[in-house]
Amino acid sequence: MIYRPHKRYPFTKSALLVGLVAGVLGTFAFGTPLAGFAWFVLPVAAGLVWRADEPPVLSFALAFQWVFIVVGYLYWCTGGDVTELLFGSVELAITVSLTGLLCLALGLRVGLAILSRPLGRRAAFARQTGEMYNLHQLFWVTVITYSVSWAFELSPNNTSSLAVFNAAQILGSIISFREVLFCLLWLTILRQRQGYGYGVIVLVVALVPRFISTQSSFKELIFMLFVVLLAEFRPWIKGPAQRSWHRRIGATVLAIFVLLVAAGAVWEGAIKPKWRTFDAEGSPMDKLEAFVDVTESATAESESQSWLQDLIRRVSSITQFALVLNRVPAVVPHENGQLTMRAIKHVLVPRILYPEKENLGTDSWLAEEYAGLQVGEDTSVGIGYMAEFYVDWGIAGLWPCLIAFGVFLGLAYGLIFLLSPSYPIGAALVIVPFMNNFITFEASFPKLLGGFIMNVVVLLVLARFIPPLLRASVARKAIPGSAVIGSR
């Protein structure tokens with residue numbers, strides 16, 4: 001294998017070329033320039049923030065939000081029946097949102113550039129040292145932390161005692177530390193190219209109890225594995241062995257993608273309507289058995305032809321923004337920054353010092369006030385953080401806000417690496433808060449911002465306990481880019 005120097009952002013130029021070609025082909029294939037613009041934005045936004053030798057979680061988050069913006073529209077362009085989702089100023093909402101993704105990517109790139117020198121020095125030192133964590137110890141620490149879910153269900157939002165201390169968010173962040181260990185284990189396995197059995201066992205132990213949840217919480221763990229695998233896609237490293245490795249990585253990523261789409265379609269089209277109304281009781285194993293029974297009956301009774309359409313209806317989230325564009329400022333005036341300031345104040349005022357601080361509750365009032373939707377009491381429907389910025393500042397102010405938000409997130413990404421105990425821990429740690437808080441287009445800005453900051457702070461504190469738990473060895477002659485590496 002031949003390692004050659006590479007740029008920190010190796011796909012920026014190629015992504016632009018791919019975006020131009022995809023935009024032209026998309027325009028002709030779907031019969032509309034807006035579809036072409038959508039296919040242009042996807043590779044360009046992802047390529048702007050894909051960093052060499054790091055998990056591409058930023059690219060994944062932007063791509064995932066892209067799906068929420070355009071999937072319903074693209075399906076409609078191919079003759080799909082989702083007209084009930086596409087009303088209001090849909091085309092304008094899609095155009096504004098896609099441009100917003102480019103603004104976010106630009107802001108992320110600027111935020112990362114501010115810390116480019118210290119990040120570059122730490123990455124270079126990591127390539128030179130070759131620290132590798134003890135895989136056996138890492139496996140046991142990870143599997144033990146996940147095994148707790150086989151004894152009882154961990155659900156901070158459903159634990160009433162936490163309401164007294166308003167600590168559900170903190171406990172949720174503590175629980176998510178397991179995902180850091182999961183990502184670190186798989187990063188170590190892939191860089192050392194051994195111990196795959198360990199990874200499969202941990203995946204099963206971590207994944208199976210998630211099926212007892214009424215939410216589709218299993219998908220986040222698969223998303224993390226997806227991003228970890230993509231971290232191994234490094235075509236700037238030449239050689240026959242590396243090309244073979246890339247082919248295997250590509251085949252695995254494609255298989256996981258197909259599995260996710262299939263699982264999502266079955267979940268939305270068949271299982272979820274029954275499982276969420278099913279009152280499962282008993283131990284986690286009893287609930288798992290009930291889940292299997294519900295899955296068998298639901299898939300047998302429903303028609304598979306509608307499953308994909310149901311999935312598309314679920315992930316298409318542009319309607320709320322389209323309705324907001326219709327209603328603001330024609331019916332409801334712009335708020336001139338009140339929603340943004342509400343979010344910032346909510347984050348800056350610590351609840352532990354001010355127990356009576358306003359509880360954000362559901363986001364349904366936003367949909368009712370600014371989108372004109374009638375939402376039931378037991379339903380939470382938001383309008384999305386981009387729509388909230390629009391309500392405050394209009395289209396002219398929306399894009400600068402997204403650039404500024406991107407700069408903040410880019411700085412946070414860099415600080416996670418710089419403040420982590422080691423470079424491989426940073427690579428694992430950076431995946432979790434972005435995956436937990438930044439992949440949903442319909443997220444409310446105060447919850448997105450507050451959840452992200454809390455998650456980062458808690459995980460950085462807990463990450464300090466990883467080195468004492470695991471022995472690390474340093475390779476004398478590390479091949480850059482071929483091992484899990486990095487310490488201060």
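For clarity, every value in this text was computed on a predicted model and none was experimentally measured.

Comments concerning the overall build of the protein
A count of helical and extended segments in the protein gives 22 helices and four strands. Looking at the protein residue by residue over its 488 residues, the buried ones come to 54%. Expressed as a percentage of contacts within the protein between residues at least 6 apart in sequence, the contacts between residues at least 24 apart total 79%. Element-wise, carbon and sulfur atoms account for 65% of the exposed surface of the protein, whose accessible area totals about 21800 Å².

With respect to a negative patch on the surface
Together, Asp286, Glu289, Asp293 and Glu296 make up a region of like negative charge exposed at the surface. The residue Asp286 is located in helix H13 (residues 284-301) in this model.

Topic: the side chain of Arg191
Within the secondary structure layout, Arg191 lies in helix H9 (residues 177-192). Side chain to side chain, Arg191 and Glu232 meet in a polar contact 2.3 Å long.

Topic: the packing of aromatic side chains
Here the structure, examined in full by the defined rule, presents 27 aromatic pairs. A centroid spacing of 6.3 Å and a plane angle of 70° characterise the contact between Phe408 and Phe452, whose relative ring orientation is edge-to-face. Of the two residues, Phe408 sits in helix H18 (residues 385-419) while Phe452 sits in helix H21 (residues 445-463), which places them 44 residues apart along the sequence. Relative accessible area serves as the criterion here: at 32%, Phe408 is assigned to the partly exposed category. Over the ring of Tyr9 we find Arg109, and its NZ or CZ is 3.7 Å from the ring centre. Looking at Arg193, its charged tip hangs above the ring of Trp245, at a distance of 4.1 Å from the centre.

As for the environment of Leu325
Tracing the sequence through the fold places Leu325 in helix H15 (residues 319-327). Placed 62 residues apart in sequence, Leu325 and Ala387 show a C-alpha to C-alpha distance of 8.3 Å. Setting aside residues up to four positions removed in sequence, Leu325 forms contacts with Ser89, Leu92, Ala93 and Tyr390.

Topic: the nonpolar core
Here is a general trend for soluble globular proteins: nonpolar side chains tend to be buried in one another's company. Core analysis: the largest hydrophobic core is formed by 157 residues, its most contacted members being Phe321, Val324, Tyr385, Phe434 and Phe438. Residue contributions to this core peak at 15 residues, all from H18. Among all residues touching Tyr385, those that are not within four sequence positions of it are Gln65, Leu104, Leu402, Phe405, Phe438, Thr440, Phe441, Ala443, Phe445 and Leu448.

Details of a positive patch on the surface
Taken together, Lys238, Arg243, Arg247 and Arg248 make up a surface patch of like positive charges. Top element by residues in the positive patch is helix H12 (residues 240-275). It accounts for three residues. Within the fold, Arg247 resides in helix H12. According to the relative accessible area criterion, Arg247 is exposed, its value standing at 58%.

Focus: the packing of H15 against H18
At a minimum axis distance of 10 Å, the contact between H15 and H18 shows a crossing angle of 55°. Here H18 runs oblique to H15, going by the angle between their axes. Once H15 is placed against H18, the crossing between them reads as right-handed. Residues Phe321, Val324 and Leu325 of H15 pack against Met386, Ala387, Tyr390, Val391 and Leu398 of H18.

A look at the side chain of Asn437
Tracing the backbone through its elements, the reader meets Asn437 in helix H20 (residues 431-437). A polar contact is formed between the side chain of Asn437 and the backbone oxygen of Pro433, at a distance of 2.8 Å.

Points about the pattern of salt bridges
In this structure the tally under the stated criterion is eight salt bridges. The partner of Glu54 in a salt bridge is Arg8, with the nearest N and O atoms 3.6 Å apart. Pair noted here: Glu54 is in the loop between helix H2 (33-49) and helix H3 (57-77) and Arg8 is in the loop between strand S1 (2-3) and helix H1 (12-30), with a separation of 46 residues, a long-range link. For Glu54, a relative accessible area of 2% gives the class buried. Among the salt bridges present, the one from Glu220 reaches Lys219, with a minimum N-O distance of 3.1 Å. Sharing partners across several salt bridges, the network here consists of Asp53, Arg191, Glu232 and Arg234.

A short note on the packing of H2 against helix H4 (residues 90-114)
Contact geometry for H2 and H4: axes closest at 9 Å, N-to-C directions at 15°. The angle between H2 and H4 places the two elements in the roughly parallel class. Relative to H4, the crossing made by H2 is left-handed. Residues Leu34, Phe37, Ala38, Val41, Val44, Ala45, Leu48 and Val49 of H2 form the contact with H4, whose participating residues are Glu91, Ile94, Thr95, Leu98, Thr99, Leu101, Leu102, Ala105, Leu106, Leu108 and Arg109. When its residues are assigned to classes, the contact of H2 with H4 shows 15 nonpolar, two polar and two charged.

So, the confidence of the model for the protein
Mean pLDDT over the protein stands at 83; residues scoring 70 or higher make up 84%. A low-confidence stretch, residues 1-5 (pLDDT under 50), is modelled with 13 contacts involving residues beyond four sequence positions or located in other chains. Low pLDDT (under 50) marks residues 475-488, which in the prediction has 49 contacts with non-local residues, meaning those over four places away or in another chain.

Regarding H18
Between its first and last C-alpha, H18 extends only 28 Å over 35 residues, short of the 51 Å set by a 1.5 Å rise per residue. In the structure, H18 departs most strongly from a straight axis at Gly394, where the bend amounts to approximately 120°.

A few points about unusual backbone geometry
In this structure, Pro329 follows Val328 across a cis peptide bond, with omega equal to 5°. By the secondary structure assignment, Pro329 is in the loop between H15 and helix H16 (338-348). One non-glycine residue, Arg193, adopts positive backbone phi at about 55°. Structurally, Arg193 is set in the loop between H9 and helix H10 (196-207). In this structure, Asn336 takes a positive phi of about 55° despite not being glycine. Inspection of the secondary structure assignment puts Asn336 in the loop between H15 and H16.

Criteria and cut-off values
Residue numbers run consecutively from 1 along every chain, following the written order of its sequence. In view of the model being predicted, local features appear only for residues whose pLDDT reaches at least 70, and side-chain atom pairs are presented and counted only at 80 or more, with totals across whole chains, interfaces and linings using the full set of residues. Computation of side-chain values: all heavy atoms of the structure, hydrogens and water removed. Put simply, DSSP H or I for four residues or longer makes a helix, DSSP E for two residues or longer makes a strand, and each gets a number counted from the N terminus. Any residue under 20% of the maximum accessible area for its type is buried, any over 50% is exposed, and the rest in between are partly exposed; the area is computed with a 1.4 Å probe on protein chains only. We call two residues in contact when some of their heavy atoms are within 4.5 Å. Reported accessibility uses the Shrake-Rupley method at a 1.4 Å probe radius. Residues are deemed covered only where the shown protein chains occlude them. Without a salt bridge and with relative accessible area above 30%, a residue can belong to a patch; like charges are then joined within 9 Å and nonpolar side chains (Val, Leu, Ile, Met, Phe, Trp, Tyr) within 5 Å. What makes a salt bridge here is a side-chain nitrogen of Lys or Arg within 4 Å of a carboxyl oxygen of Asp or Glu, nothing more. When charges are tallied, Lys and Arg are placed among the positive residues and Asp and Glu among the negative ones, while His and the ends of the chain are skipped. Charge positions are represented by NZ for Lys, CZ for Arg, CG for Asp and CD for Glu. Any N or O atom pair separated by 3.5 Å or less is treated as a polar contact, with the protein-specific requirement of one donor-capable and one acceptor-capable atom, and with residues adjacent in sequence counted only for side-chain atom pairs. Two aromatic rings, drawn from Phe, Tyr or Trp (for Trp, its six-membered ring), form a pair once their centres lie within 6.5 Å of each other, and the interplanar angle then sorts them: stacked below 30 degrees, edge-to-face above 60, tilted otherwise. Distance and angle both matter: a charge sits over a ring if NZ of Lys or CZ of Arg is within 6 Å of the ring centre and within 35 degrees of the ring normal. Side-chain atoms within 4.5 Å link the members of a nonpolar core, which is a set of buried Ala, Val, Leu, Ile, Met, Phe, Trp, Tyr and Cys residues. A fitted line through C-alpha atoms represents every axis, and for helices the fit uses only the stretch in contact; the resulting angles, taken between N-to-C directions, go from 0 to 180 degrees. The labels follow the angle: roughly parallel below 35 degrees, roughly antiparallel above 145, roughly perpendicular from 65 to 115, and oblique for the rest. Crossing handedness is defined as follows: a turn of the near helix away from the far one that is anticlockwise and smaller than a right angle gives a left-handed crossing, while the clockwise case is right-handed. Note that Gly is not counted as nonpolar here; it falls among the polar residues with everything else outside the nonpolar set of Ala, Val, Leu, Ile, Met, Phe, Trp, Tyr, Cys and Pro and the charged set of Asp, Glu, Lys and Arg. Per residue, pLDDT measures the predictor's confidence, with a range of 0 to 100. By this rule the span expected of a helix is its residue count minus one, scaled by 1.5 Å. Here the bend at a residue means the angle between the axes of two seven-residue stretches, the one that ends at it and the one that starts at it.

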